[in-house]
Each structure stands twice: as structure tokens, then as C-alpha cells.
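Chain residues, written in single-letter form:
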There are 2 protein chains.
Amino acid sequence: MWIGIVGLGLIGGSLGLDLRAQGKTVWGVSRSRATCEMALRVGAVDIASTQLADIPHLQETAVVFVCTPIDQVLSTVQVLAEHLHPLTVITDVASVKGAIVQSAQAMYSRFVGCHPMAGSEVQGIKGAQKHLFVDRPCVICPAPDPEAIAVVQSLWASLGMRIYYCDPHTHDQAVARISHLPVMVGASLIHACQQGLDPTVQYFAQKLASSGFRDTTRVGGGNPELGTMMARFNREALQVALAQYQQQIEHLSQLIADQNWSAVQNYLENAQKWRSLFG
Amino acid sequence: MWIGIVGLGLIGGSLGLDLRAQGKTVWGVSRSRATCEMALRVGAVDIASTQLADIPHLQETAVVFVCTPIDQVLSTVQVLAEHLHPLTVITDVASVKGAIVQSAQAMYSRFVGCHPMAGSEVQGIKGAQKHLFVDRPCVICPAPDPEAIAVVQSLWASLGMRIYYCDPHTHDQAVARISHLPVMVGASLIHACQQGLDPTVQYFAQKLASSGFRDTTRVGGGNPELGTMMARFNREALQVALAQYQQQIEHLSQLIADQNWSAVQNYLENAQKWRSLFG
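Residues numbered from 1 in each chain as written. Chains lettered and ligands numbered in written order. Predicted model: local features only at pLDDT ≥ 70, side-chain atom pairs only at ≥ 80, totals over all residues. Heavy atoms only, no water.

Another aspect to go through is the packing of helix α6 (residues 168-194) of chain A against helix α11 (residues 261-275) of chain B. Closest axis-to-axis distance for the α6(A)/α11(B) pair is 9 Å, and the angle between their directions is 60°. Crossing hand, α6(A) versus α11(B): left-handed. Here V183(A), M184(A), A187(A), S188(A), I190(A), H191(A) and Q194(A) of α6(A) lie close against α11(B), whose contacting residues are Y267(B), L268(B), N270(B), A271(B), W274(B) and R275(B). Taken together, the residues that form the contact of α6(A) with α11(B) break down as eight nonpolar, four polar and one charged. (Axes fitted to C-alpha atoms, helices over the stretch in contact; angles between N-to-C directions. Helix = DSSP H or I, 4+ residues; strand = E, 2+ residues; numbered from the N terminus. Left-handed = near helix turned anticlockwise from the far one by under 90°. Contact = heavy atoms within 4.5 Å. Nonpolar A, V, L, I, M, F, W, Y, C, P; charged D, E, K, R; others polar.)

See the structure below:
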């Protein structure tokens, strides 16, 4: 019995490493021949190909994980639906769910939309690592087929993930705040540290930047294609989040302009207190 | 020959640990008796007192590091100036310099304003650790006494710091961007993830928050007193930085609202590219 992975990046590659460590056999598909070769070399897959049709075990595949960029999930599900045995379960890992789950289930009834929330600064198969998913949250969206959900839930749990059931709309609103908004906030911070400064100040800003700057901008300076996809496929929720964020920073800026130091301190105390509620 | 440290928090305590590991003898002063006792217990100081006047080696002290909160640096220098031998060098570690250096030098000619850029999430003497300063930048501001600068430079370099010479005004503008602005940006992000959300979305936002949220908000959820001091003592530079940051996030929000995905991607690509210039 085989497990399939389409898209051998950080998530797909890490998934392959963990599943093979459990003794499962894994096939992988990537558009890039070099990625296929590297996935084989690091042991993320048993076999790999740039063409789905060349995979010899499609009909014996229990589950396929679609780990492509967000904008290729639906077209991948469509192609898989034509090649797989109808008992095969298809799942995905995309960070938006509203734009995907209902459409994918219309194409293939045993589709279960998921979002394992794991990442790394190193993109692509180079970043693939064992145990990436341990203790990280994984969202599973409602699906018409309870057995398909059970299969997917069992696999994510076997990797050590904390499972949450959540509808696509609620998921997308939540990740707009805690995942997509931080990307835009961090990217804007980098721009504000690079533009509009006197050259001498700029020099020192670059030399003196330390762990505070690096941590605050880590996801904002991450994969630009992924950031663009987040904005494109979760635009409405992200726009609401951005508007509310802009109100917050405007409010804090006004407290500072007013030299209302007790209110500034109160604002920062709430931030400190509330942060511990997350994650 | 003794080294003195006034203010036994994260920076003062870590400084004591490293200096004593070099074989130097260190006295410490803290307003809190419990902090004095803990500093002795962890080995950050040889002797400690809540009263400067009770320290028996003031006249044999070569250098005193003022590691108090920003708003107590000047009053501490004033008191030290009355008790120390005039050959003793006084330096500080405050994250703003314009509000301190000139005034402190008017009180005491052998004062050298410094800013070692090191930190930790754990505040106070509890967070004190060896090697905190290794490979971190340290700003030294101009001072009338070149020998005093040489003494201070030699000590910070012996802890492994990268030394930069920078005037107070330039320093304050640079740290407003890369150190003080990230605090306000991160605090506002926490507020935007805690306020204005439907309770179910709020629940999932908290459960799904992962390393991206945690890193982006680390300094924003840090010490509220320190954040308030940064704003208070570097207000003008921070207000300029906040205004330019608000323009940046407004611009990015507009690109998203316009669904101008190539421009969004270009913005995120610049963020990714520019981030590597910092630190």
C-alpha cells in the first residue's frame, strides 16, 4: 500500500521523511527533475517522477497529499481524480481552505481539506526535515466522507500533530490574523527600515539590527510567492485583518504623539499578557 | 581593581557573569535586596548592596556600568559622580543615547555613552547568562576623553562584541527603526489578533498561532516598562519611523485591495532581499 505526495517542497519532503520512517512506501511527483532526484537522495520518497502517469502504483495508493503551491491544488486534484482508484483519499496542506475545499470535494468526494501549520525558513526540498510536524497544530475541514476524515486524521496524528476540526471560513479568518497578517506586517517593517532613511542612519540600522528585528521580520522576509498566494486566496479575510491592524498601530501612534505614557504602558502590558494566549 | 555595576537586570547580571569569568572583581548595586542576593548566588557579583554608599571599594573602581532603566541613568550618574574617584570611567547601556550622553558628560567628564545590543525574553537577573554579548553589536558614542573611550571599548570587545562608533542622534534614528519600531509593530499585531474577532475565530486564532506569530510578536510582547521608555526617550525618531511604517502598510494594503498581485509579489521580493542586509 502506497502513500503519494504531489509537490516535494518543505512540507511534502518532510512528510515523506516521516512517513517512510514509519515504514510506509511513498511515491512523489514534482515538476522539477532536480527536486525528484534530491527527494530520492535524502530519502523523502521511494520513487519519484515529474509525471503522475509514470508512477506505477497509483491504483494501490491509499492517500495522496497535495503539497503544491496554493494555486495548483485544484488542478492537481482534478488530474489525480482521473488517475486514482475511487477509494483513494486525497488531502492537501494549503494555508487557505475556503478557496479550495468545496471545489475540490465537488471534483472528488474523498477529498479532505487540511492545513498542517509547520514551516521553516529554508524553502523547498532542501528544508525537508524529520519531526517537522511534532506538537504543531493541524486543521482538518469537514468532509462528506467520515472514513476519509478518519484516515487523514490518523496520519497527521501519527506525525505528532495536534488536530483541530474547523470549517474553511473560520479557518481562513483565524489564519488571516495569526499567519497571513504577520507576513504583511513584517514585510512592511523591512520596507520602513530600508526606505526614507539618511544614508548614514541606514548604514547603522543595518549594522545594529539584532535578534528583535530578525525575529519580527522572519515571516515577512519569507517566500514571496507563498505570501502573494496567501493574499490572493484569502484576500477578503486579510483585508479585514489589515484594516483592524492599521487602526491598532494608528491608535498606539496617537498615544505616543500625545505622550500619554501610562496608556502606552497599558497597551504594551495588554500585548504582553495576551501574547501568552496564542500557540 | 574593581568593576561596578548599578542595576542588576538581564544586562547588568550578564555583564557581571562574563567579567567575573575573566577574573575581574565586581560590585553590584540594585534597589532590590532579593536581586542583590540572587546576583550573589548566581555569581554575577562578588559583593552587592542596595546602597551605593555601602560598597567598600568605590575609590578603587576602574569602571562603573550603569544598567538601570533608561529613566534612572542620569540620576544614577549624578550620584556616582559624587562618590567615585575622578579617574573612574562611567558608561551606560541604555537603548537611547540623545537623551543621555550630553547631559551625563556635563555631570561627569569621564562618561562614555554605550549601547550593547543584546537581549533575551527572560527579564531581570533571572535572565542573566554568560556569553550574552558575543557577536552582538555595541555602539560607543563620542566622548571628550579618548582614554575613557579606550577603556570602555576594550571591555566590550573582551566580551566578544562588534564595536561601532556612532553619534547619539544617528544612533537614536537607527534604533528607532530596527529596535523600537518592531516593538510597536509587534504589540499592535497582538492587539489586532485579540480584538474585533468573532469568539469562534478567536479560539482558533489562539490555537493555530505558531512560530510565525510567536516570532513576529516576540519583542512586541516583551517588557512593557522598557517599551514605554523607548517611546518616551526616543519619541521624535520613533514618531517619524511609525509614520513611514504606516505609509508602507497602507501601500501594501492598497496593492492587495487592488488585486495587483505582481506588485504584491514584487513588494515581498524586495522585503526578502532587503532583510538579508540587516544584522
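Moving on, there is more to tell.
Here the focus is the state of the cysteines. A full pass over the atoms with the stated rule returns zero disulfides over all chains. Of all cysteine sulfurs, the one in C114(A) lies closest to C67(A), which takes part in no disulfide; the gap is 10 Å. On the accessibility criterion, C67(A) (11% relative accessible area) is buried. Of all cysteine sulfurs, the one in C166(B) lies closest to C141(B), which takes part in no disulfide; the gap is 6.4 Å. Residue class for C141(B) comes out buried when judged on its relative accessible area of 0%. (Disulfide = S-S within 2.5 Å. Buried < 20%, exposed > 50% of the residue type's maximum accessible area, 1.4 Å probe, protein only.)

Time to look at the sheet that holds strand β3 (residues 47-49) of chain A. Residue and element names in this part refer to chain A. In space, the six strands of this open sheet follow the order β3-β2-β1-β4-β5-β6, with parallel pairing throughout. Two strands lie at the open edges of the sheet, namely β3 and β6 (111-112), each paired on one side alone. Where strand β5 (residues 89-92) lies against β6, two bridges are found, and the strand directions are parallel. Counted as the bridge partner of I90 is F111 from β6. Sheet strands touched by helix α1 (residues 10-21): β1 (2-6), β2 (25-29) and β4 (61-66). Its angle to β1, the strand with the most contacts, is close to 165°. Relative to the sheet, helix α5 (residues 146-158) contacts β1, β4, β5 and β6, its axis offset from that of β5 by approximately 55°. (Pairing = 2+ DSSP bridges.)

What follows concerns the sheet that holds strand β7 (residues 114-116) of chain B. What the three strands build is an open sheet, ordered β7-β8-β9 (chain B); its pairing is mixed. Looking at the sheet topology across the chains shown, the edges are occupied by β7 and β9 (162-165) of chain B. Across the sheet, the mean angle from the axis of one strand to that of its neighbour is 20°, orientation sign disregarded. As paired strands, strand β8 (residues 137-140) of chain B and β9(B) are joined by four bridges and run parallel to one another. Of the residues in β9(B), the one forming a bridge with V139(B) is Y164(B). Against the sheet, helix α7 (residues 199-208) of chain A engages β8 and β9 of chain B, with an angle of about 165° to β9(B).

Turning our eyes to something else, we now look at the interface of chain A and chain B. Where interface size is given, it is often the accessible area lost as the parts come together that is meant. Of the residues lining the interface, 92 residues belong to chain A; the matching set on chain B comes to 92 residues. Summing both sides of the interface, chain A and chain B together bury roughly 8,800 Å²; the carbon and sulfur share of this comes to 66%. Contact with chain B buries area across many residues of chain A, yet L208(A), R275(A) and F278(A) alone supply 9% of it, more than any other trio. On inspection of chain A and its partner chain B, the count reaches two salt bridges. Notably, a salt bridge pairs D215(A) with R218(B), separated by 2.6 Å at the nearest N-O pair. The tally of links between chain A and chain B comes to 29 residue pairs in polar contact (both at pLDDT 80 or more). Of all the secondary-structure elements, those providing two or more residues to the side of chain A that touches chain B are β8 (137-140), β9 (162-165), α6, α7, α8 (211-216), α9 (224-233), α10 (235-257) and α11 (261-275) of chain A. (Buried area = accessible area lost by both parts, 1.4 Å probe. Salt bridge = Lys/Arg side-chain N within 4 Å of Asp/Glu carboxyl O. Polar contact = N/O pair within 3.5 Å; in protein donor to acceptor, adjacent residues only side chain to side chain.)

Turning to the confidence of the model for chain A, a few remarks are in order. Summing up the model confidence of chain A, the mean pLDDT is 96 and the portion of residues at 70 or higher is 100%. Scored as a whole, the predicted complex attains pTM 0.91, and scored at its interfaces, ipTM 0.93. (pLDDT = per-residue confidence, 0-100.)

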